[in-house]
Amino acid sequence: MMNRGICASSVRDFLRALDDHHYRLHALMIQQGDELLYADAAAPYTLDTPHRLCSAAKSILSLNVLLAAQEGKLRFDDRVADYFPEFEVTDPLLKDMTVEDLLTMRTGQVEDPFIAMLGDLDSDIITPFFQTPAVEKPGTTFRYNNTVPHIVYAVAERAMGVQIEPFQNERLCRPLGASLHAPTNSKGQYNPVITCASANSLMAFGRLYLNEGRWNGQQIIDASLMRRAMELRADPMQPEVTSGYGYQLWGNPFGGIRMDGGWGQYAVILPEYDAVIVLLSDMTDSSYAMKAVEAYLLPGLEKGAEEGQSFPPVHSIAPVGRAQPAIHQAQWQLEDGRMLRMEAKAEEVILQLGEETFRIGLNDAFIRNPKHLLAGKRGGLDHTAYGFDPDEMLLGGAWTDGCTLDFVGKCFAEMGECRYQLRFDQDTCTLSYPEASEHGIATLDHNRLMKGALLCKSL
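Residues numbered from 1 in each chain as written. Predicted model: local features only at pLDDT ≥ 70, side-chain atom pairs only at ≥ 80, totals over all residues. Heavy atoms only, no water.

Engineer: Can you break down the packing of helix 7 (residues 164-176) against helix 8 (residues 199-210) residue by residue, with the values?
Structural biologist: Axis angle and axis distance: for two packed helices, these are the angle between their axes and the distance between the axes, and together they describe the pair. In contact at an axis separation of 10 Å, helix 7 and helix 8 are set at 100° when each is read in the N-to-C sense. Compared by their axis directions, helix 7 and helix 8 come out roughly perpendicular. Here Leu 172, Cys 173 and Leu 176 of helix 7 lie close against helix 8, whose contacting residues are Ala 204, Phe 205 and Leu 208. When the residues that make up the contact of helix 7 with helix 8 are grouped by side-chain class, the tally is six nonpolar, no polar and no charged. (Axes fitted to C-alpha atoms, helices over the stretch in contact; angles between N-to-C directions. Helix = DSSP H or I, 4+ residues; strand = E, 2+ residues; numbered from the N terminus. Parallel < 35°, antiparallel > 145°, perpendicular 65-115°, else oblique. Contact = heavy atoms within 4.5 Å. Nonpolar A, V, L, I, M, F, W, Y, C, P; charged D, E, K, R; others polar.)

Set out below in structure tokens:
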């Protein structure tokens with residue numbers, strides 16, 4: 001009989017291992033059956049804060065195709081081109097591509113026109129797909145293609161005769177109590193690559209896969225269709241898919257499947273353990289997370305819960321420090337004539353820069369500010385999170401010694417964060433700041449975009 005629960009020491013070892021690798025974890029959830037074993041988020045995130053899913057959203061988007069098939073509006077051997085009669089597809093290989101070829105990333109194309117979207121979030125991504133020739137028979141070779149989810153959603157829309165967002169909200173989100181946020185461009189095209197969802201919402205979709213389409217006693221998607229989606233296909237000559245790939249789902253080398261998004265967005269579905277593990281992160285290279293899941297969390301599930309155990313928290317993204325400030329009030333004059341005033345309180349630090357006032361939370365607390373501190377806003381696909389105020393910045397930090405305040409600025413509309421340092425001595429103050437938010441950095445020392453400093457003279 002399978003042990004239930006998870007050993008708390010394994011969770012502690014997992015979090016410690018991620019910390020040792022400077023892994024920027026934003027949320028961790030572990031659920032087994034109907035029991036939530038662990039759930040915590042790194043402040044200022046909560047389990048309900050929408051977060052970029054990146055390519056993990058592909059696994060959710062493909063569920064709409066399953067619903068269309070369930071209602072008899074679509075067959076997996078339908079030709080994709082037939083859903084887009086406005087394009088004159090003359091390439092015989094491209095013309096024969098099926099819906100299943102699309103879902104399994106075996107389109108026969110080598111070039112991915114998605115690259116055009118990196119510089120223009122409003123660009124048409126559907127037309128270039130049909131202008132990109134296939135170089136081999138579709139359905140043969142796996143090649144990851146970021147344009148595919150745009151065609152997947154469009155196929156589902158055209159098969160059902162409805163817009164994807166309200167359909168997805170009604171048929172998937174509402175029953176699961178989940179929410180998805182994604183924009184529609186000026187051409188009326190839904191943009192799934194900027195989908196945001198909370199850790200709680202991603203967990204709901206992970207559990208829907210685990211339970212083969214069943215949710216609270218209701219069969220939302222036919223179990224046979226869910227099993228078909230989770231069936232792994234692999235080409236042994238391709239190392240990146242030796243564990244298999246289903247309908248927009250990856251196979252795990254340690255068993256089960258996962259929803260997998262760039263910079264570390266995962267829902268790891270483990271039927272053997274009746275469990276789902278959700279991680280939200282911001283790492284340029286997030287591959288270590290899956291190694292740590294296998295090394296620490298799976299043994300913890302095998303061992304099961306222990307009596308009287310307690311779990312560690314996920315660390316805040318704010319710097320760590322419990323020093324006391326050497327002074328509690330000071331002001332300095334900048335070279336441009338502006339004044340910088342600092343007031344240190346027990347739970348916050350107030351900085352006044354000229355006429356602007358910023359409040360910085362302490363002790364893992366963040367305070368919301370209406371604008372960025374010095375740093376510019378970061379645009380582009382890599383830094384965009386949909387549905388947030390792009391001007392707001394939450395500030396939180398710590399006194400790392402009596403004369404040094406390290407703090408972080410987080411704007412939820414951006415993938416990354418800004419790291420600052422306020423340092424003073426008897427005569428001068430230095431406020432170091434970045435040009436803009438950067439994601440994938442691990443520590444203050446790794447912030448390559450630190451712009452320099454405002455040099456101030458003591459008054």
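Moving on from the model shown.
Engineer: Would you mind going over the nonpolar core in detail, with residue names and values included?
Structural biologist: In this structure, Leu 28, Leu 74, Phe 76, Phe 205, Ile 221, Met 259 and Leu 279 are the most contacted members of the largest nonpolar core, which totals 121 residues. With 26 residues, the next largest nonpolar core counts Ala 344, Ala 375, Leu 405 and Phe 424 among its residues. (Core = buried A, V, L, I, M, F, W, Y, C linked by side-chain atoms within 4.5 Å. Buried < 20%, exposed > 50% of the residue type's maximum accessible area, 1.4 Å probe, protein only.)

Engineer: Describe the sheet that holds strand 2 (residues 35-41), and please don't skip the residues or the numbers.
Structural biologist: Spatially, the six strands line up as an open sheet ordered 2-1-10-9-8-7, and their pairing is antiparallel. Each having just a single partner strand, strand 2 and strand 7 (250-251) make up the two edges of the open sheet. Summarising the sheet, strand 1 (residues 25-32) and strand 10 (residues 275-281) pair through seven bridges and their orientation is antiparallel. Paired with Met 29 across the strands is Val 278, a residue of strand 10. Across the sheet, helix 1 (residues 8-20) lies against strand 1, strand 2 and strand 10, angled at about 155° from strand 1, the strand it touches most. This element, helix 10 (residues 288-303), spans strand 1, strand 2, strand 8 (257-261), strand 9 (265-270) and strand 10 of the sheet and lies at about 145° to strand 10. (Pairing = 2+ DSSP bridges.)

Engineer: Please set out the environment of Tyr 45 residue by residue, giving values where relevant.
Structural biologist: Here Tyr 45 is to be found in the loop between strand 2 and strand 3 (51-52). Considering only alpha carbons, one finds Tyr 45 and Phe 412, 367 residues apart in sequence, at a separation of 8.8 Å. Within the structure, the side chain of Tyr 45 is placed 3.0 Å from the side chain of Lys 410, a separation counted as a polar contact. (Polar contact = N/O pair within 3.5 Å; in protein donor to acceptor, adjacent residues only side chain to side chain.)

Engineer: So, the pairing of strand 17 (residues 404-410): which residues are in play, and what are the values?
Structural biologist: With seven of seven residues buried, strand 17 is to be regarded as a mostly interior element. Of the two faces of strand 17, the one carrying Thr 404, Asp 406, Val 408 and Lys 410 and the one carrying Leu 405, Phe 407 and Gly 409 are both buried. Sheet topology note: the strand 16 (residues 393-401)/strand 17 ladder contains seven bridges and is antiparallel. Counted as the bridge partner of Gly 397 is Phe 407 from strand 17. In textbook terms, the turn of a hairpin is the stretch between consecutive antiparallel strands, and for strand 16 and strand 17 this stretch comprises two residues. Looking at chain direction, strand 17 and strand 18 (residues 418-424) are connected through six bridges and run antiparallel. If you follow Phe 407 over to strand 18, its bridge partner there is Tyr 420.

Engineer: Describe the pairing of strand 18, and please don't skip the residues or the numbers.
Structural biologist: In terms of burial, strand 18 is largely enclosed, as five of its seven residues are buried. The pairing of strand 18 with strand 19 (residues 428-434) spans four bridges and is classified as antiparallel. Directly across from Arg 423, in strand 19, lies its bridge partner Thr 430. Counted along the chain from strand 18 to the antiparallel partner strand 19, the turn is three residues long.

Engineer: I'd love a proper account of unusual backbone geometry, names of residues and values included.
Structural biologist: With an omega of 15°, the peptide bond running from Ala 43 to Pro 44 counts as cis. With respect to the element layout, Pro 44 can be found in the loop between strand 2 and strand 3. Its identity as a non-glycine residue notwithstanding, Cys 54 has a phi of 50°, on the positive side. The residue Cys 54 is located in the loop between strand 3 and helix 2 (56-70) in this model. Despite not being glycine, Gln 248 shows a phi value in the positive range, around 60°. Inspection of the secondary structure puts Gln 248 in the loop between helix 9 (223-230) and strand 7. Residue classification places Gln 248 among the buried positions, given a relative accessible area of 3%.

Engineer: Kindly report on the pattern of salt bridges, identifying the contributing residues and their values.
Structural biologist: Under the definition given, this model contains 24 salt bridges. Its salt-bridge partner being Asp 13, residue Arg 16 comes within 3.0 Å of it at the nearest N-O pair. Linking Arg 16 with Asp 13, this pair stays in helix 1, spanning three residues, or about one helical turn. Glu 212 is the salt-bridge partner of Arg 227, the closest N and O atoms lying 3.0 Å from each other. (Salt bridge = Lys/Arg side-chain N within 4 Å of Asp/Glu carboxyl O.)

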